[in-house]
Amino acid sequence: MKSRAEEASQLQLVEREDIDDEEDLFEAIDKLISAGINAGDVKKLQDAGIFTCNGLMMHTKKHLTGIKGLSEAKVDKICEAAEKIVNYGYITGSDALLKRKSVIRITTGSQALDELLGGGIETLCITEAFGEFRSGKTQLAHTLCVSTQLPTNMRGGNGKVAYIDTEGTFRPDRIIPIAERFGMDPGAVLDNIVYARAYTYEHQYNLLLGLAAKMSEEPFRLLIVDSVIALFRVDFTGRGELAERQQKLAQMLSRLTKIAEEFNVAVYMTNQVIADPGGGMFISDPKKPAGGHVLAHAATIRLMFRKGKGEQRVCKVFDAPNLPEAEAISLPRQY
């Protein structure tokens, strides 16, 4: 008969060195040193939040020359060395299909919702959940904090979770009953969640930059941003600042996309809704997601949450490249 501690340890994370098949997901920036790049220049890249060759290739040369101590000649040499380590050219459709096999689907804890999403929340992309307050968005975020840590054979992600909170809605005490429901040790689950409270949109962006260091060293599988738009709506006011707001929002979303693809993590972000006066006379209470077209194009999968009868919550696939438009009804306690 196994002890509870032994059972719990089986459900906890494996160490980075045990994950052999994950090693080729990204190439560490240190490999540039063996390619003839000065160690001091590599350190400057790390100080700027670039920890992998894959991540380096996601930056423009203009941005890299903006890093203190890197000249245009140095940047050209660094990019040339990185291109030899990472193949960022054309690949065949068959290779693209093989690459898609590295996608992990993380269970939401609700069978109906998992079926709707084709298995769960996907890595390598951004999933956006929008809806009114109390529609179940943050509840799902808390459940994903736990289910991500399940082994892959139990439809988990076998990885850690990063949680950026802009509205002060993260409650660690809510994690405990969810962990117990999944048969996991609540203390270990909470230890595998890194949490940060953001107060300005600049703080929010800097927290994302700081994540690269953690993700290059430890096996993360989920990044939650709850909510992505709240601080932008506070820090930018009126139509006069709208263009600048959307530009800064686009940069933030671009960073989220790069994190998802660089480290094979799932990004789950919540979004608020705004009144839609042009929503149509036949809709009793027309609403649309905040953030405009910039946010709409950045999110790969968009889910609309709304309240149903009593305790029921309805989730609808609003936009997705590989999922049919459909609805699922669940209870908050199911996930």
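Higher on the page you've got the structure.
Every value quoted in this text rests on a predicted model; they were computed, and no experiment measured them. (Residues numbered from 1 in each chain as written. Predicted model: local features only at pLDDT ≥ 70, side-chain atom pairs only at ≥ 80, totals over all residues. Heavy atoms only, no water.)

Looking now at the packing of aromatic side chains. Describing an aromatic ring pair means giving the distance of the ring centres and the angle of the ring planes. Enumeration according to the criterion identifies 7 aromatic pairs in this entry. Between Y201 and F232, the aromatic rings sit 5.5 Å apart at their centres with planes inclined by 40°, giving tilted as the arrangement. On the criterion of sequence distance, the pair formed by Y201 in helix 12 (residues 201-217) and F232 in helix 13 (residues 230-235) is long-range, its members being 31 residues apart. Across this residue pair, the class does not change: Y201 and F232 are buried. Measuring from centroid to centroid gives 4.9 Å for Y201 and F236, while their planes differ by 50°, and the two rings are tilted. Residue Y201 is located in helix 12, and its partner F236 is located in the loop between helix 13 and helix 14 (242-263); the two are separated by 35 residues in the primary sequence. (Phe/Tyr/Trp six-rings, centres within 6.5 Å; stacked < 30°, edge-to-face > 60°. Helix = DSSP H or I, 4+ residues; strand = E, 2+ residues; numbered from the N terminus. Buried < 20%, exposed > 50% of the residue type's maximum accessible area, 1.4 Å probe, protein only.)

For the pair helix 12 and helix 14, interaxial distance at closest approach is 11 Å and the crossing angle is 15°. One finds that helix 12 runs roughly parallel with respect to helix 14. The hand of the helix 12/helix 14 crossing is left-handed. Residue-level inspection shows Y201, Q204, Y205, L208, L209, A212, M215 and S216 of helix 12 in contact with helix 14, the latter providing K248, Q251, M252, R255, L256, I259 and F263. Residue composition of the contact of helix 12 with helix 14, grouped by class: 10 nonpolar, 3 polar and 2 charged. (Axes fitted to C-alpha atoms, helices over the stretch in contact; angles between N-to-C directions. Parallel < 35°, antiparallel > 145°, perpendicular 65-115°, else oblique. Left-handed = near helix turned anticlockwise from the far one by under 90°. Contact = heavy atoms within 4.5 Å. Nonpolar A, V, L, I, M, F, W, Y, C, P; charged D, E, K, R; others polar.)

Bringing the packing of helix 9 (residues 137-147) against helix 10 (residues 172-181) into the picture now. Interaxial distance between helix 9 and helix 10 falls to 9 Å at its minimum, and their mutual angle equals 55°. Considering their axes alone, helix 9 and helix 10 lie oblique with respect to each other. Helix 10 is crossed by helix 9, and the crossing has right-handed handedness. Residue-level inspection shows T138, Q139, H142, T143, C145 and V146 of helix 9 in contact with helix 10, the latter providing R174, I175, I178 and A179. A per-class count over the contact of helix 9 with helix 10 returns 5 nonpolar, 4 polar and 1 charged.

Looking now at the sheet that holds strand 11 (residues 313-319). Reading across from one edge, 5-4-6-7-3-10-11-12 is the order of the 8 strands in this open sheet, with mixed pairing throughout. Unpaired on one side and paired on the other, strand 5 (193-197) and strand 12 (327-330) mark the two borders of the sheet. With strand direction ignored, the average angle separating the axes of adjacent strands in the sheet is 20°. In this sheet, strand 12 lies alongside strand 11 in antiparallel orientation, the contact comprising 4 bridges. The residue bridging V314 from the neighbouring strand is I329, located in strand 12. (Pairing = 2+ DSSP bridges.)

Residues three or four positions apart in an α-helix share a direction because the helix packs 3.6 residues into each turn. Restricting attention to buried positions, one finds in helix 10 the residues I175, I178 and A179. Along the long axis of helix 10, the arc covered by the buried residues comes to 100°, so they all point the same way. Considering only its buried residues, helix 10 is in contact with helix 9, helix 11 (186-191) and strand 5. Following helix 10 by one or two positions, G183 has its phi on the positive side, about 75°. (Arc of directions from axis to C-beta.)

As a further point, take unusual backbone geometry. The peptide bond linking D226 to S227 adopts the cis configuration, its omega dihedral lying at -5°. Along the chain, the position of S227 falls in the loop between strand 6 (220-226) and helix 13. Even without being glycine, R155 reaches a positive phi, approximately 65°. Within the secondary structure, R155 is located in the loop between helix 9 and strand 4 (160-165). In this model, N264 sits at a positive phi of 50°, which is unusual for a non-glycine residue. If you trace the backbone, N264 turns up in the loop between helix 14 and strand 7 (266-271). In this structure N264 comes out as buried when scored by relative accessible area, which is 3%.

This structure, assessed with the given rule, holds 13 salt bridges. Of the charged contacts, one joins E122 and R100 as a salt bridge, the two residues approaching to 3.3 Å between their closest N and O atoms. Placement of the pair is E122 in strand 2 (residues 121-122) and R100 in helix 7 (residues 93-100), with a sequence separation of 22 residues. Accessibility expressed as a relative area gives 4% for E122, which makes it buried. Notably, a salt bridge pairs E128 with R302, separated by 2.5 Å at the nearest N-O pair. With E128 in strand 3 (residues 126-131) and R302 in strand 10 (residues 301-307), the pair connects residues that are 174 residues apart, well separated along the chain. (Salt bridge = Lys/Arg side-chain N within 4 Å of Asp/Glu carboxyl O.)

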